[in-house]
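The primary structure of each chain is shown beneath.
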Amino acid sequence: MATGASPESAPANLHKAQADAHAQVLGIAENDASKGAAVHIFDPDAPPEQKASEAAKSRDKLKPYTTSDGDTSSGKELPIDTGSKSVVPTITVEDADQPTQEDVEKPVRPPPSPPGGYTSRPAPEIPDWYKVGWRAVACIDAPPSEDEQEKDKAVLARFLSEQFYGDWYHNAGIIIFAVFASHFFTRFHLGWGWLFILLSICCTYYTTSIARVRRRARDDIQRELVKTRLASEHESADWLNHFLERFWLIYEPVLSASVVATVDQILSVSTPTFLDSIRLSTFTLGTKAPRIDKVRTFPNTEDDVVMMDWGISFTPNDVSDMTPREAAKKVNPKIVLSVRVGRGLATAALPILVEDISFTGLMRVKLKLVSNFPHIQLVDITFLEKPNLDYVLKPVGGDTFGFDIAHIPGLSEFIREMTHGTLGPMMYDPNVFTLNLEQLLSGVPLDAAIGVVQVTVEAARGLKGSKIGGGSPDPYVSITINNRQELAKTKYRHDTHNPTWMETKFILVNSLQEPLVLNIMDYNEHRKDTSLGAVTFELQKLQEDATIEGIQLPILKDGKDRGHLRFNVSYYPVLKPELVDGKEELPNTNVGIVRLTLHQAKDLDSSKSLSGDLNPLVKVYLGNNDSAIHRTQIIKHTNNPVWESPTEFLCLDKRSSMVTINVVDDRDFLKDPVIGSMVVRLEDLLSGVSEGRDWWPLKNCKTGKIRISAQWKPLHMAGVVSGVDQYVPPIGVIRLWLDKATDVKNVEAALGGKSDPYVRVLVNHVVKGRTEVVNNDLNPEWDEIIYIPVHSLRESVFMEVMDYQNLTKDRSLGSVELHVNELARESTANPQYRYESTGKKEAQEPINLGNQVYQGQLHYVAEFVPALALKNVHFDADENEIQQAAKRANGTASVSDGTSKTSLSSEEERQAVDGSMPVQKPDEAAANGSTNNGESKTDGKGKEGATNDASGLELTKEELLKHQSGIIIFNIVSGQLQKKARLEVLLDDGYWPAFSTIRARSTHAQWQHIGESFIKELDFGRIWLRLNENGEGEKDDIIAEWKGDAKAFLDTTLDRHASFPLTNDEGKTSTVVVETRYVPVPLKLEPRESINNQGVLRVDLLTAKDLRSADRGGKSDPYAVFTLNGQKVFKSQTKKKTLHPEWSENFTTNVPSRVAADFTLEVFDWNQLEQAKSLGVGRIRLDDLTPFEAVERFVPLSSEKHGDRGTVHLRLLFHPEIIAKTRKNTSTFSAAGRAMTHIGSLPMEAGRGVLQGVGSIFKREEKKESSPPLPAGVLPPAASHQATQSLGSGVAASRSTESLQAPGGGPSEPGALRVVAIGAKDLHSQDAKPYAVIRVGDKEHKTKHGHSKTAAPEWNESFIFAASMLTPKLFLWIYDHKTLGKDKLLGEGEVEIWRHIQPGRSSVADVAADLKEGGQVRLHLEFDPDTNPHLRDPSVTSFDRATPASPSRFSIRGRRPGVSEDS
C-alpha cells in the first residue's frame, strides 16, 4: 500500500473490485440470455426463497429442501415434556395470522363439463363380487375350491399323464373317424361320392391343422429370437430423445429453480468455518437435453421386476448432431458461486465459475412393481462402469480472466478420483443405490416415528475388566440402534464390578426390524472410553409382547462372556387414525409425540446488528426448563432465514405443555442476543396448524414473524383413550323405545337377499347400546327399550341402523340424530337432581344415508330420566407408565454418583447433546394433572358433569345398593392374561357387550379404561367379563370369561380395586383388576322390562277329560304338544283308547317374556297309517303367574270345526331368570336362548338365586341346598334348566323316571338312547341335499337325503343307541349328498348328552345343536335305562320308522378324521 493512501480508500477500492467482478458476471449471463437460454441471476445476499421465486416466475412459492439434523438413524432419545404450571404464554392462537384474502375469496363456479367428460365426484365403491382385472377373471389369486365337483373335473389330469390325452387325440381321432366312416360306407354299399366327401373332410382338416402348427411354431421361434436379441443387443431410443429435446426447453427453468431452492440452502448450512458464506448466484443447465444413447432389456426376470441397461450422456459441447443455427443458439451449463470471505464487516464476495459440464456413463436400472400406487415400489440404480465426468472450474477471474484448475498437473485427476471414491460405495457395481418411491410419495417423512421404546437399565453383575493403571472400571451403558449413533446413556458408576443404575431412557424408533444394542463402557477421564462388552436385544420381540420385564442377557466381547446385564423394555406404538363418519381422525389423547417443524422466519428485527445482517438460529425449550431440546442450523447474512428443521419430543400432558421459541443471532465469539421470542401453549399451536395458521408473531422485538407447524402423534398406552382424566359423570339416561323401521336400505339386493337390520346407539362416537338383529327384513320390528347414559345437554345421540354381517364388518344403513337438549333441561326445583325431563318425544324420522340422501323411516320414543346428583363421582387418576418411569428417572438423577463424560461449552448445550430428559418435579406434575382435569371435561362433553361435582348427595355404600336401577361405571385397571386380548363387559342377557377395552399390547395388560352401562334391576342382574382375542367388529374368539351377580360384584368393586379370575375350557386362568362407581337412576320399569318377566317355566301335564272321540270305537289315542312362540317345546306320550288320559309328565322351558309369550297346548289323536288329527287347542296365559308359587289350571280345548270340547289339567311354576341370548354365526338368532344359571364354574338353582339374593354366589359351598317346599301334591322343581356351555343348548323336558346314576353324570349301566333327527335350518348352503350322520360311541346312523335342494331340511327319523357314562357326547355331521362326487361337509357339531338327559329327573330333551360352520340341527332325545339298547322303543310311534343307513353306491365320501369304520 502506498504511504499516502488514506484509510478510507481501502474499502472504496474493495467495493470497486467487487462491482467490476459482478458486472463481468452480468455480462456473461446477458450474453447467454440473448441466445434464448433461461439464465437465473440472483443477489448473493438474497435468501433462498427469494432466489427460488426469481428462478420460477410462474410459480408463487417453492417448497424449500428439508434437511435432517445429525446422522441418519432409526431412532433417537426423546426429551420429555411433563407440562408446566409456572410458564405464562406470550402468544395465543388468536395472535396467529389469519388466512390471506386469496385463501378466503369466493369460490368460482366450475365450468360445465362437456358431454362424455369425467365426473369430479369420487367413483362409487366397486362391490366385492365384481371381477375387475385379468387376475380376478383368471382366478389366479383365488384359493383352491373345496367343492368336490370342481376337483372331479380334472380327474384325467390326476390319473393320466399328459401324453395320453394331449393334442394328438385330434390327429388320432380323424384317422379313426376316416376308418370307421369308410367301413360304414362299404358296409351299406354307398357310392364313390361319399368316399370323396370323406376324403375332402380329411384333407381340409389336415390342411388346417398343419397351417396352425406351422403358425404356432413360427411365432414361438420368433418370440425366443426376440428374447435373445433383447438380452444381447442394445436398442436406440431416438423417439425418447426427440421428446426430451422438445420437453427440455420447457422443463429446464423449473428444474433449475428446484436446484436453486435445494442446493443453495445446503451450501448455506454446510459452509466451511474459514468462509463466511457460499451462495448460488447464477445457474443454468443449458439448452441441450440429456440423451439416452442405448437401451438393453433383460426379459428373463421375475414377473414384477423390470431390469434395463441405459447408456446416458449429457454433452452440451457436442454440436455434431446440431444444425449451424441450433449451434449458434446453444447455451452451455453454467454455475456461478458467490463465496464470501472475511468476518463481520470486513468481508468480500468472490465469484467461482463452473461451466462446460459433460457426463457419460452406463447405468443399470431395476424396477420393482407393485399393485398399489405409485405402482413402482423400489428403483435400484447402479453404474456398471465408472462414468466420465468433465467440467471447467475457474475459481478466480471469472469467464474472461479465469484460470481452469484442470491445467494444474495432477489436480484434475485427483478431483476425479475423489469423486469416484465417494460415489463408488454408493452406486458403482456391485453396490446399488435404492430409491423407495412408495415411501417417498406417501407423504410420510422418512424419519417419522412409529413409537417409543422405554429402556430401564437396572444393573450389571460380574463385569470383567480393569483400567490400564489398575483398579475397577467406572461402567456406564450406551444405548444404540444397530451400533450406529449413540442415542442415550446412563450415568457412570465409580469403581465397581457390580453397578446398579435403575435409569430409564426413552428412544424414538422408526422401525422394529433392527436390534437394540446396549454397550457397557468404562468411563475414562483423560482418554477415550473403552468397551467392556455389549448386549443385543431384538426389537421384533416387542411386536409379540410390548412389555418384557426381567431381561437378563450375557455381556459379550469377542465372543466371550463378560458378565450379565438386567434391563426391562416396553414399546408404546403410535395410534393410527380412526375412521369416523368417513373421515380419519386421531384419538383425542393427552400423551403423545409432538413433531415440531421450524420452517422459516421473515422481517426479523435487525436493529441490534451494526451491519443490518443477521445470522439467525432457533432454540426450542419445553416449559420452564433452561436446557434447549433443539437448535436449528445457522443461516448467515439474512433477515428472512429458512431452516426447515424438525424435532420430536414426548409430551405427557398436552393441556399444560408450554413451548418456548427463541430466535438468536449468532455472534461467533460474542454473546448471542435474542432477537425475538414466543411462548405458546401446545394446544394453541396444534389448533392453529389445523386451522391453517402457521405464522406466529415474535415478542420482545420490533418486527418479525416465524412459521411453525406441529403434528400430534398419540401413543398407545394405558388411559390414553377413555381414560380417567377424560371421563365426565353422567347426568342421566335416555330411555329409547325403538319400535320399528320401514323401507330400510337393502344392501344385499345384488345377492338376492335382504338386509339384516339392527340399531346401534352412539354417543360421542362410542357405542352405548344395540337392539337385537332382525333377519332378512326391510321393515324390521324390534320393540325394544334400551337406556343410554348421557353426560351433557350438548351431546347428540345417533341411532344408526346397521346391517349385520357374520364374517365381515357390519354395514351402515343410515342414521337418525337426537339432541339431548330436546329432552332435558337444568332443574332448580329438586336439589337431588340437577336436570329434569321435558317430556317424551315420539318421532318417525327419515333415515339419513349421508349427503342429504334419505331412505326409510325410524319409529322411536325417547325420554330423559335424570340421575341422582352425587358428589365426587370420579376415579383417582393414576400415572401412566411413562409418567411413572419419568418420575423414577427424575428421582434417580439426583442420587447419581457420576456425571456424563461429555463436556461442552455451556450447560445448556451439554444437556441437549447428552440427551438428559427435562422432567418436571413429581409434585408439579401432579398439580398440573389435577388442575387440568376440569379443562378436559369441557372438551366436547360440556361442564355439566363437573361444575357441581363438589356439591351433591353423599350416599353410603348400603344406601347406594338399595337403588335397583342405575349406571355402573367401570374402571378396567389392568390384567395378567394368558393371551393378548381385549376385555368385554356384558350385562344381563349378554346379547351385545356394554363396552370393550382396546386390545392389550402385552400379557401384562395396562388398560385404565373407563366404561359404563345401565342396569335395570340390581338384585337380579348379571355381569359377564370375557376376553376376546379378535378385534372389535370381527368374529368373536372368546378365550376366557367370568360371570357373576351384579350386586355382589358392585359390593366388591365399589370404591376399591378387586381382582377377578377368568377361566377357559383348558383350566387356564387370567386375572383382571376392576374398580366401579354407581350412579342411581330412579325409574319405574314396565312389566316386560323386569327380570320377573323372563325365566324358567315348569309345566306338569297331569290329566285331561272329556276329549273328543276320533276313532270309530268312540275313543282316541291322545298325546299333547306344547308350543311357545311358534316353537314346539314338548311332546307327551301317547295314551291308547281313552278320552280321559292321565299323563303325569313334566318339563321345563325358558320363557324370554311372559307378557309377550304365545304359549299354546294342542292335543292330537295318534294314527298309525294317517296323519294325526287335532282334538283341540288351548291357550295358556303366563303374565298373571306369581313367581315361585305353583298354580293349577284347567285349560279348555277348542277347535273351529267342533267348538269347545275337553279340558287339560296343568300345574305351572315360574322361576324368574335371565335368559341369555346369543348371536349365531349367521344372522338368525334363537328365540328363547338359554337360562343363565351358572356363575363362573359354580352352578346355582334359578329359583334359589332369585329368592336368596346374591350373597351366596361368591361363597365356595360344595353342598347344594334343596329347593323351597311346594304345596301338597306339587312335584319338586326339576333342576334340568341349569345353563349349559355345550354346543347343543336348547329346551329341556323331563319325566319321572328312576335310574342308577354314576358320579360322572351318566348311568353306569348302558341304556337305550333314542335320537330323533327332526330337521335343520339356516345351513350355509342353499343349494344342497342335506342328510345327517349321528354317532354315539362306536355306532353311527345316517338319515335319508331329500330330493329337493334346501337349507332347512326335515328328516323326522329316529335311531337307537346304547348310552352310558362312557358315551358323554353325541356327534353329528351334516353332508350335502352328491350323486357322482364326494359328499360335501356342510357343518358339524356335538351335544353333551348328560347335560340334557339327567337319569332320575329328566329323561327327555329337545335340543337345538349349533353347527360350527353355521346353522342349527333340532334333535329329540329319549333315554330308557331299563330297555335293551338293541330293541326298538315301543312307546313312541309318532315318527317314521328307523331304516338302516347305507351310503349311496355312487358316493365316494371319505372317512371322517378320527372316526373308525363301523363293523
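Located above this text is the structure these notes cover.
Below you will find a few notes about this structure. In this text, all values refer to a predicted model and were calculated from it rather than measured experimentally.

**Observations concerning a nonpolar patch on the surface**
Taken together, the side chains of Phe-177, Phe-184, Phe-188, Leu-190, Trp-194, Ile-197 and Ile-201 define a hydrophobic patch exposed on the protein surface, amounting to about 690 Å² of accessible area. When contributions to the nonpolar patch are tallied by element, the ones reaching two or more residues are α6 (168-187) and α7 (192-232). Along the chain, Phe-188 falls in the loop between α6 and α7.

**What to know about the state of the cysteines**
Under the definition given, this model contains zero disulfides. The structure places no disulfide on Cys-202, whose sulfur is separated from the nearest cysteine sulfur, that of Cys-203, by 6.9 Å.

**Remarks on the pattern of salt bridges**
Taken as a whole and assessed by the stated rule, the structure comprises 52 salt bridges. Residues Glu-1012 and Lys-768 are paired through a salt bridge, measuring 3.2 Å at the closest nitrogen-oxygen approach. Residue Glu-1012 is found in strand β43 (residues 1004-1015), and its partner Lys-768 is found in strand β32 (residues 766-770); the two are separated by 244 residues along the sequence. The residue Asp-1184 makes a salt bridge to Arg-1193 at a minimum N-O spacing of 2.5 Å. Among the residues examined, Asp-1184 registers a relative accessible area of 40% and is labelled partly exposed. In this structure, a network of salt bridges that share partners links the residues Glu-245, Arg-246, Arg-291 and Asp-293.

**Notes on the pairing of strand β52 (residues 1159-1165)**
With respect to burial, β52 is a largely interior element, six of its seven residues being buried. Summarising the sheet, strand β49 (residues 1118-1124) and β52 pair through seven bridges and their orientation is antiparallel. Residue pairing for β52: Leu-1124 is matched across the bridge by Phe-1159.

**Observations regarding helix α21 (residues 1046-1053)**
Along α21, the residues classified as buried are Ala-1046, Ala-1048, Phe-1049, Leu-1050 and Thr-1053. After α21 finishes, the residue Asp-1055 shows a positive phi value of roughly 65°.

**Observations concerning the pairing of strand β30 (residues 732-742)**
Bridge count for β30 against strand β33 (residues 781-790) is eight bridges, and the pairing is antiparallel. Within β33, the position partnered with Val-733 by the bridge is Pro-789. Where β30 meets strand β39 (residues 853-866), ten bridges bridge the pair, whose relative direction is antiparallel. Each residue of the ladder has a partner; that of Leu-736, found in β39, is Ala-862.

**Some words on a positive patch on the surface**
A cluster of basic side chains, namely Arg-212, Arg-215, Arg-216 and Arg-218, defines a positive patch on the protein surface. Relative to the helices and strands, Arg-215 resides in helix α7.

**As for the packing of aromatic side chains**
What the rule picks out here adds up to 25 aromatic pairs. Ring plane angle 80° and centroid distance 6.1 Å describe the contact between Phe-359 and Phe-383, whose orientation is recorded as edge-to-face. With Phe-359 in strand β8 (residues 346-369) and Phe-383 in strand β9 (residues 376-383), this residue pair connects regions lying 24 residues apart in the sequence. Three or more aromatic residues link up through ring pairs in this structure, and these residues are Phe-970, Phe-995, Trp-1042, Phe-1049 and Phe-1060. Against the face of Trp-712 rests Lys-654, its NZ or CZ located 4.7 Å from the ring centre. If you follow Lys-1131 out to its NZ or CZ, it ends over the ring of Tyr-1119, 4.6 Å from the centre.

**Notes on the sheet that holds strand β26 (residues 658-665)**
The strand order across the open sheet built from four strands is β24-β23-β26-β27, with neighbouring strands paired in antiparallel fashion. Strands at the two margins of the open sheet, each flanked by one partner only, are β24 (630-631) and β27 (674-681). Sheet topology places strand β23 (residues 616-622) next to β26; seven bridges connect them, and they run antiparallel. Note that in β26 the partner of Tyr-621 across the bridge is Thr-660.

**Some details on unusual backbone geometry**
Cis rather than trans, the peptide bond between Asp-429 and Pro-430 has omega equal to 10°. With respect to the helices, strands and loops of the structure, Pro-430 is situated in the loop between α11 (411-427) and β11 (433-436). Even without being a glycine, Glu-644 presents a positive backbone phi close to 50°. Among the residues examined, Glu-644 registers a relative accessible area of 6% and is labelled buried. Positive phi is not limited to glycine here, since Lys-1137 has a value of about 50°. You can see Lys-1137 is positioned in the loop between β50 (1127-1131) and β51 (1142-1151).

Conventions we followed
Residues numbered from 1 in each chain as written. Predicted model: local features only at pLDDT ≥ 70, side-chain atom pairs only at ≥ 80, totals over all residues. Heavy atoms only, no water. Patch = residues over 30% accessible without salt bridge, like charges linked within 9 Å, V, L, I, M, F, W, Y side chains within 5 Å. Areas by Shrake-Rupley, 256 points an atom, 1.4 Å probe, with all protein chains shown as cover. Salt bridge = Lys/Arg side-chain N within 4 Å of Asp/Glu carboxyl O. Helix = DSSP H or I, 4+ residues; strand = E, 2+ residues; numbered from the N terminus. Disulfide = S-S within 2.5 Å. Buried < 20%, exposed > 50% of the residue type's maximum accessible area, 1.4 Å probe, protein only. Pairing = 2+ DSSP bridges. Lys, Arg positive; Asp, Glu negative; His and termini not counted. Charge placed at Lys NZ, Arg CZ, Asp CG, Glu CD. Phe/Tyr/Trp six-rings, centres within 6.5 Å; stacked < 30°, edge-to-face > 60°. Lys NZ or Arg CZ within 6 Å of the ring centre and 35° of its normal.

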